[in-house]
Amino acid sequence: MSAPATTIFTVMTALAEETGAINLGQGFPDEDGPSLVVEAAVAALRSGTQNQYAPLGGVAPLRAAVLDHQRRRYGLEPEDVQVTFGATEALASALLGLLSPGDEVVVLDPVYDSYPAIAAMAGATLRRVALHPPDWRLDPEEVRAAIGPRTRMLLLNSPHNPTGRVLDRAELEAIAALCVEYDLIAVTDEVYEHLVLDTDREHIPLATLPGMEQRTLTISSVGKTYSLTGWKIGWASGPAELVGAVRSVKQFLSFAGGTPLQHAAAAALGAGDGLPGELAVALRGKRDRLSAGLTAAGFAVLPSQGTYFVCADADPLGHPDAEALCLRLPHEAGVVAIPISAFVSDPAGETRSLLRFAFCKRESVLDEAVQRLVAWAG
Ligand SMILES: *Cc1c(COP(=O)(O)O)cnc(C)c1O
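The shown structure was predicted, so the numbers you read here are calculated from the model rather than taken from an experiment.

Rules of the game
- Residues numbered from 1 in each chain as written.
- Predicted model: local features only at pLDDT ≥ 70, side-chain atom pairs only at ≥ 80, totals over all residues.
- Heavy atoms only, no water.
- Salt bridge = Lys/Arg side-chain N within 4 Å of Asp/Glu carboxyl O.
- Helix = DSSP H or I, 4+ residues; strand = E, 2+ residues; numbered from the N terminus.
- Buried < 20%, exposed > 50% of the residue type's maximum accessible area, 1.4 Å probe, protein only.
- Near = heavy atom within 4 Å.
- Polar contact = N/O pair within 3.5 Å; in protein donor to acceptor, adjacent residues only side chain to side chain.
- Areas by Shrake-Rupley, 256 points an atom, 1.4 Å probe, with all protein chains shown as cover.
- Nonpolar A, V, L, I, M, F, W, Y, C, P; charged D, E, K, R; others polar.

*Asks:* Residues and numbers for the pattern of salt bridges, please.
*Replies:* Enumeration according to the criterion identifies 27 salt bridges in this entry. The partner of K286 in a salt bridge is E31, with the nearest N and O atoms 3.6 Å apart. A residue pair is termed long-range when its members are at least 10 positions apart, and K286 in helix α11 (residues 274–297) and E31 in the loop between β1 (22–23) and α2 (35–46) qualify at 255 residues. K286 sits in the buried class, given a relative accessible area of 10%. For E202, the salt bridge is made with R169, and the minimal N-O distance between the two is 3.7 Å. Residue E202 is found in the loop between β7 (185–189) and β8 (216–221), and its partner R169 is found in helix α7 (residues 169–181); the two are separated by 33 residues along the sequence. Its relative accessible area of 49% is what places E202 among the partly exposed residues. Residue R169 is classed as partly exposed on the basis of its relative accessible area of 39%. The network of salt bridges with common partners includes D68, R72, R73 and D273.

*Asks:* Describe the site of the ligand, with residues and values.
*Replies:* Around the ligand, the neighbouring residues are G86, A87, T88, Y112, N157, N161, D189, V191, Y192, S221, K224 and K232. Note that an oxygen atom of the ligand is positioned 2.7 Å from one of the side-chain N or O atoms of K232. About the coverage of the ligand: the protein hides 94% of its 390 Å² of free accessible area. Here the shell around the ligand takes 3 residues from helix α4 (residues 86–98), the largest share from any one element. Classifying every residue of the shell around the ligand by side-chain character gives 4 nonpolar, 5 polar and 3 charged.

Shown next, in the form of structure tokens:
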């Protein structure tokens, strides 16, 4: 495989730096995570005993904390846990360890940008199933139609980046039934599991549905849950065979590292679900604030139920091509957003006029971005 081309994030981040625009493109918080977790990292760094290679599987307190989290929150009993360099390495190791060249993987479209690259490294092909705007609903019959004789895996992300959609129980049950019917492995990217922002929604891990625990590898990490995206401490849990496949690849990608941060991640998970709960409350306010501002500027805002992101349609403002608009906005309005076309198989399709905005920023930053967009649109 040849090296992938420059991503839209590199282009837009460079534009943000060049123009001094407010960057609502990339999804990282502009405030640190909880001090309890940061202090646990400092203590680990100073301990004199927690700065060498971790065991391959991860440090014992973190592996225990992940098991306990899956048990207390979801009633799951994973056979094994593998700690990784963020969810990204867990995903890469899962695809490299579980797929053979020519295998097919069913994914949602729009898709998180690392999946196509990782699938290509594994020699596998993505079969995309659309989440349709404006509600980003999934049609189970389209999932069935995407499954063929070479399909081996379903790779699911909910709460979903870039749309903010949280799949509901009916959609997940339909997906689970198809995984059982066609004997597929499920790999779930649940990095936003704690960031469901609508109070009438819940995150339902696919592994909790009938017939799924024994065929699902569940992936998450500390980055989004604790506003520590630079830490890159993640994990995969599930049946011993699937976790073992991750471990066998991971040992030759990075072996084992980030030991003090692994100990701090254990402290974070051990502190219960209150910390991410507070973050979700704060993010709900930010989502609503930015959504109202985008509406005031003349965008049609699509529903977002979770994650860091909300999508907005620029068509009502007379801009049918979001990619062209995103390249001009930093210069014209002083704001950076990402076109959804960067995440879809057909950039000219039904998402052509949609932009993704990140709301995981301080309220003063969101307000300034909104003021600029209102001024630009008016
Ligand atoms: C941020 C993100 C990841 C990467 O998680 P890390 O723990 O930082 O590697 C994976 N999947 C999705 C959907 C994300 O948004």
